[in-house]
Amino acid sequence: MVGKKKPLVVITRKLPDPVETRMRELFDARLNVEDRPMTQPELVAAVKEADVLVPTVTDQIDAALIAQAGDNLKLIANFGNGVDKIDVAAAAKKGITVTNTPNVLTEDTADMTMALMLAVPRRLAEGATVLTGDKKWAGWSPTWMLGRRIWGKRLGIVGMGRIGTAVARRAKAFGLSIHYHNRHRVLPAVEDGLEATYWESLDQMLARMDIISVNCPSTPATFHLLSARRLALLQPTAYVVNTARGDIIDEEALVKLIQDGKIAGAGLDVYEHEPALNGKLLKLAARNKVVLLPHMGSATLEGRIDMGEKVIINIRAFVDGHRPPDRVLPLRT
Ligand code: 8YV
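Residues numbered from 1 in each chain as written. Predicted model: local features only at pLDDT ≥ 70, side-chain atom pairs only at ≥ 80, totals over all residues. Heavy atoms only, no water.

**Student:** Can you help me understand the sheet that holds strand 2 (residues 28-30) in this one?
**Tutor:** Within a sheet, each strand pairs with its neighbour through backbone hydrogen bonds, oriented either parallel or antiparallel. The five strands are arranged 2-1-3-4-5 in an open sheet whose pairing can be described as parallel. Each edge of the open sheet carries a strand with a single partner, namely strand 2 and strand 5 (97-99). Across the sheet, the mean angle from the axis of one strand to that of its neighbour is 20°, orientation sign disregarded. Relative to strand 5, strand 4 (residues 75-77) runs parallel, the two sharing three bridges. Looking at the pairing, Ile76 lines up with Val98 of strand 5. (Pairing = 2+ DSSP bridges. Helix = DSSP H or I, 4+ residues; strand = E, 2+ residues; numbered from the N terminus. Axes fitted to C-alpha atoms, helices over the stretch in contact; angles between N-to-C directions.)

Listed below in structure tokens is the structure:
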């Protein structure tokens, strides 16, 4: 790939114009201007031909697909942080490097986490429809539209990485006390700054929190980390927020517990089988028990441009024979 010929870079979805323009300048970039998600046969054709594939969370880059990759394919430069849709181990076995786009979506995702954290207890979505709905607003009343206070409550963060820490910073400013569960305890300076309490036992933390925020990556080890058994430990007044990945929570169990009044509600940006949605969640949304967003955590123009720039940096470093800055290594099993 080193030499005069520009690498063939296949980008599976439409990216912001400035990113696509730069990619066209630098690479033999094959764009998807119509933004139609690629079918599996189209992906097969792409990996057979491309030097670099730029997929997103909507593409399944599994071992079967990677097995069909042509000899040219040496880099999968993911447009996104989470690589749960990419079989990184299968790629490594075939000598294909995988990169992602960390850091640049941390703050946007943390903002959206806070928005969901406020939305359900403070009845944001429900309140917004009062003025735009069919009925005329009868006016203010002291006992109407009462939600639950955020300030002074306990937040339990599951996964204290970049995004979890950014959520903690914001939540502290909202007067929440910070608790977290993580594979490793964070540095004392970080913990002290956040006045955070570490829980080695996820079960014990879950049972004591007012709000749970899921901020860990989706890996085989975190699949249904919030299982039916663990969700049942939550207090009936607790809320669950998830801006990470749907399959970290047993969605069916979450639905059942909210239906039965054993959990107060949830704010979700991600789903177990997205883009398919559990119909029961829609019913809970109609009852204002949950607020549902369509995977918008990192959806800012600035964020998506930054993600594109990261992809470009990774491709350029790789093509120039350097180690790309955001290389993702296979998980240790
Ligand atoms: C992205 C995300 O929008 O980066 C991630 O892991 O979940 C999202 O914020 C998406 O993954 C882009 O591929």
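**Student:** What is the right way to look at the packing of helix 1 (residues 17-26) against helix 13 (residues 301-319) in this model?
**Tutor:** When two helices pack together, their arrangement is given by the angle between their axes and by how far apart the axes lie. Following both chains from N to C, one finds helix 1 and helix 13 inclined at 15°, their axes separated by 9 Å at the closest point. With respect to their mutual orientation, helix 1 and helix 13 come out roughly parallel. Judged by the sense of rotation from one axis to the other, the crossing of helix 1 with helix 13 is right-handed. Between helix 1, through Pro18, Val19, Arg22, Met23 and Leu26, and helix 13, the contact on the second element is made entirely by Arg304, Ile305, Gly308, Val311, Ile312 and Arg316. For the contact of helix 1 with helix 13, the per-class residue count stands at seven nonpolar, one polar and three charged. (Parallel < 35°, antiparallel > 145°, perpendicular 65-115°, else oblique. Left-handed = near helix turned anticlockwise from the far one by under 90°. Contact = heavy atoms within 4.5 Å. Nonpolar A, V, L, I, M, F, W, Y, C, P; charged D, E, K, R; others polar.)

**Student:** Just checking my understanding: could you explain the sheet that holds strand 9 (residues 211-214) for this structure?
**Tutor:** The strand order 8-7-6-9-10-11-12 describes an open sheet built from seven strands, whose pairing is parallel. Strand pairing shows two members of the sheet lacking a second neighbour, strand 8 (197-198) and strand 12 (290-292), which therefore form its edges.

**Student:** How should unusual backbone geometry be read in this particular structure?
**Tutor:** Negative phi values dominate among residues other than glycine, just as trans dominates among peptide bonds. Note that the residue after Glu274, namely Pro275, is joined by a cis bond; omega there is 10°. Considering the arrangement of structural elements, one finds Pro275 in the loop between strand 11 (265-268) and helix 12 (279-286). One non-glycine residue, Arg123, adopts positive backbone phi at about 55°. Following the sequence through the fold, Arg123 ends up in the loop between helix 5 (106-119) and helix 6 (124-132). One non-glycine residue, Glu195, lies in the positive phi region at around 50°. Mapped onto the secondary structure, Glu195 falls in the loop between helix 8 (188-194) and strand 8.

**Student:** Would you explain the domain arrangement of the protein chain in this entry?
**Tutor:** How big an interface is tends to be stated in terms of the accessible area lost upon association of its parts. Assigned domains of the protein chain: these are domain 1 (8-104 + 301-328) and domain 2 (106-292). Inter-centroid distance (C-alpha atoms) of domain 1 to domain 2 is 31 Å. Taken together, the contact pairs eight residues of domain 1 with six residues of domain 2. When domain 1 packs against domain 2, the two sides together hide about 580 Å² of surface, and 34% of this comes from carbon and sulfur. The largest contributions to the domain 1 side of the interface with domain 2 come from Val57, Asp84 and Asn103, which together make up 59% of the buried area. Across the contact surface, domain 1 and domain 2 share one salt bridge. Here domain 1 and domain 2 share two residue pairs in polar contact (both at pLDDT 80 or more) between them. For the side of domain 1 that touches domain 2, a count of residues per class yields three nonpolar, four polar and one charged. (Domains from an automatic or database assignment. Buried area = accessible area lost by both parts, 1.4 Å probe. Salt bridge = Lys/Arg side-chain N within 4 Å of Asp/Glu carboxyl O. Polar contact = N/O pair within 3.5 Å; in protein donor to acceptor, adjacent residues only side chain to side chain.)

**Student:** Looking at this model, I keep getting lost on the nonpolar core. Mind explaining?
**Tutor:** Taken as a class, soluble globular proteins show a tendency for nonpolar side chains to be buried jointly. Residues Met23, Val54, Leu155 and Ile315 are the most contacted members of the largest nonpolar core, which totals 48 residues. The two domains that each donate at least three residues to this core are domain 1 (8-104 + 301-328) and domain 2 (106-292). Ignoring sequence-local partners within four residues, the contact set of Ile315 consists of Val9, Phe27, Val52, Val54, Leu75 and Ala77. With 30 residues, the next largest nonpolar core counts Ala253, Leu254, Ala266 and Val290 among its residues. (Core = buried A, V, L, I, M, F, W, Y, C linked by side-chain atoms within 4.5 Å. Buried < 20%, exposed > 50% of the residue type's maximum accessible area, 1.4 Å probe, protein only.)

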